[in-house]
Amino acid sequence: MIYFAAMSTKKIGILGGGQLGRMLLQAAANYPVDTFVMENDAACPAAHLCHQFTKGDITNFDDVYNFGKGMDAITIEIENVNEDALEVLQKEGVKIYPSPAALKIIKNKILQKQFYKAHQIPSSEFIITTNAAELQQHAGYLPAVHKLAMGGYDGRGVQVIKTAADLDKGFDAPSVLEKMVPIKKEIAVIIAVDDKGEHAMYPAVDMVFDQRLNLLEYQLSPAELTEKVLWKIEAIATKLVQNLNSAGIFAVELFIDKDDNVLVNETAPRVHNSGHHTIEGNYSSQFDMLWRVMLGYPLGCAEAILPAAIVNLLGAEGHSGEASYEGLNDILKLENVFVHIYGKKQTKPGRKMGHVTILSKEKQELVHQANRIKNTLKVVTAPVT
Ligand code: ADP
């Protein structure tokens, strides 16, 4: 018999205090762990759910180092953190999820694409451009998608370049120019890897994008795919994490092209928006799973309890200011619908303010309810009284 009671409670820190950190902390409440968060805003969504909040800059070496010193483990909820400090902390015995080496590759789209190429992980063809003048010389490579190597997120830092006339829209900084993929579907798959290298993969999800805002509009899980494509996804995601050689949670975004080729678009080395339905929809959620990994427990079961859809609640156009949730009562009356509001005081157009998960055995019902929620629940500014 092994007894754990005598072991001291582990101290685990999260860099970043947004909604991902918030949901991670909700799952932490089930385990013996002392939680710490660092973020520069004391009113951030995760601040009041941890045992100890530190106001600090997650991109600053000293802030990250001082925060992590003496902890058992650190994880991230955003890639843009000071990885040099994480490297030093790792040398001093702090476990880092994901490893700083994996984070370094993923953080930079040039290194990420080179990593896929070096390990024969299918991904779109690309060339590297260092400035705008260099980009101008690649009219023969079009149509293509130009992506900033560092600092882009949620579609910012991504520019479609269809013809030579669009070349001016590209970035004047180190970037990758990727061949345009004729996309049939965009898929995401989340995979957890523990310290022993064992892994658990969640069923793949279909991502449907808002073309204008370039943000996830809704998603369906499990994705509707042929068995052959599912096998390809599984093989590619497994190979990817094996080569990254890091424990943690990884979200792999993939394109299925018109010929059913599977290509990796990008990887996030953390819990991810495409896995929020796992809170209610799967036996072990992506958040629960990451705690299991960090606390050295057995991996959980990634299988779905029921098919699910997620609708993201984005700040409505034309509304900036104190957030208010129009239609919330109507949505809360629905069966098998789960509302998550992230607690951000201020809304602005396109800001991720929450999400709603729908569970149903019927795909038609999922799509119907997703549309109903999108049309009913709006994040607006509070009416002046
Ligand atoms: P971000 O990291 O900002 O989310 P992505 O690299 O995921 O940016 O790109 C955003 C979107 O642009 C993708 O979801 C996809 O719709 C489109 N896109 C990106 N790369 C390609 C490509 N090589 N071919 C076609 N479309 C692409």
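Provided above is the structure to which this section pertains.
Let me sum up the structure you'll find in this document. (Residues numbered from 1 in each chain as written. Predicted model: local features only at pLDDT ≥ 70, side-chain atom pairs only at ≥ 80, totals over all residues. Heavy atoms only, no water.)

## Quick look at the nonpolar core
Moving on, step 1. With 34 residues, the main nonpolar core has Ile12, Val33, Ile249, Met289 and Trp291 as its most contacted residues.
Moving on, step 2. In contact with isoleucine 12, not counting residues within four places along its chain, are Val33, Asp34, Thr35, Phe36, Met71, Ala73, Trp291, Met294 and Leu295.
Moving on, step 3. Membership of the second largest hydrophobic core comes to 25 residues, among which are Ile106, Tyr116, Val193 and Ala237. (Core = buried A, V, L, I, M, F, W, Y, C linked by side-chain atoms within 4.5 Å. Buried < 20%, exposed > 50% of the residue type's maximum accessible area, 1.4 Å probe, protein only. Contact = heavy atoms within 4.5 Å.)

## As for the pattern of salt bridges
Moving on, step 1. Following the criterion strictly, the structure yields 13 salt bridges and no others.
Moving on, step 2. The partner of lysine 109 in a salt bridge is glutamate 266, and the shortest N-O contact between them spans 3.4 Å. Here lysine 109, found in helix H5 (residues 109-118), pairs with glutamate 266, found in strand S15 (residues 262-268); they are 157 residues apart in sequence, far enough to count as distant.
Moving on, step 3. Lysine 147 is the partner of glutamate 178 in a salt bridge, and the nearest nitrogen-oxygen pair spans 3.1 Å. Of this pair, glutamate 178 sits in strand S9 (residues 175-179) while lysine 147 sits in strand S7 (residues 144-148); the two residues are 31 residues apart in sequence, bridging distant segments of the chain. Of the two residues, glutamate 178 and lysine 147, both sit in the buried class. (Salt bridge = Lys/Arg side-chain N within 4 Å of Asp/Glu carboxyl O. Helix = DSSP H or I, 4+ residues; strand = E, 2+ residues; numbered from the N terminus.)

## Some words on the packing of helix H4 (residues 100-107) against H5
Moving on, step 1. In contact at an axis separation of 5 Å, H4 and H5 are set at 105 degrees when each is read in the N-to-C sense. The pairing of H4 with H5 is recorded here as roughly perpendicular in orientation. Along its contact with H4, which presents Lys104, Ile105, Ile106 and Lys107, the element H5 presents Lys109, Leu111, Gln112 and Phe115.
Moving on, step 2. Partitioning the contact of H4 with H5 into residue classes produces four nonpolar, one polar and three charged. (Axes fitted to C-alpha atoms, helices over the stretch in contact; angles between N-to-C directions. Parallel < 35°, antiparallel > 145°, perpendicular 65-115°, else oblique. Nonpolar A, V, L, I, M, F, W, Y, C, P; charged D, E, K, R; others polar.)

## Points about the sheet that holds strand S19 (residues 346-347)
Moving on, step 1. What the three strands build is an open sheet, ordered S19-S17-S21; its pairing is antiparallel. Every other strand in the sheet has two partners, leaving S19 and strand S21 (378-381) as the edge strands with one partner each.
Moving on, step 2. Summarising the sheet, strand S17 (residues 321-326) and S19 pair through two bridges and their orientation is antiparallel. Bridging across to S19, glycine 321 finds its partner in threonine 347. (Pairing = 2+ DSSP bridges.)

## A closer look at the packing of aromatic side chains
Moving on, step 1. Across all of its chains, the model carries three aromatic pairs by this definition.
Moving on, step 2. With a centroid separation of 6.1 Å and 10 degrees between ring planes, the pair formed by phenylalanine 61 and tyrosine 65 is classed as stacked. Taken together, the positions of phenylalanine 61 and tyrosine 65, both in helix H2 (residues 61-68) and four residues apart, correspond to about one turn of that helix.
Moving on, step 3. For phenylalanine 61, a relative accessible area of 31% gives the class partly exposed.
Moving on, step 4. The cationic tip of lysine 179 hangs over the ring face of tyrosine 141; the distance from NZ or CZ to the ring centre is 4.2 Å. (Phe/Tyr/Trp six-rings, centres within 6.5 Å; stacked < 30°, edge-to-face > 60°. Lys NZ or Arg CZ within 6 Å of the ring centre and 35° of its normal.)

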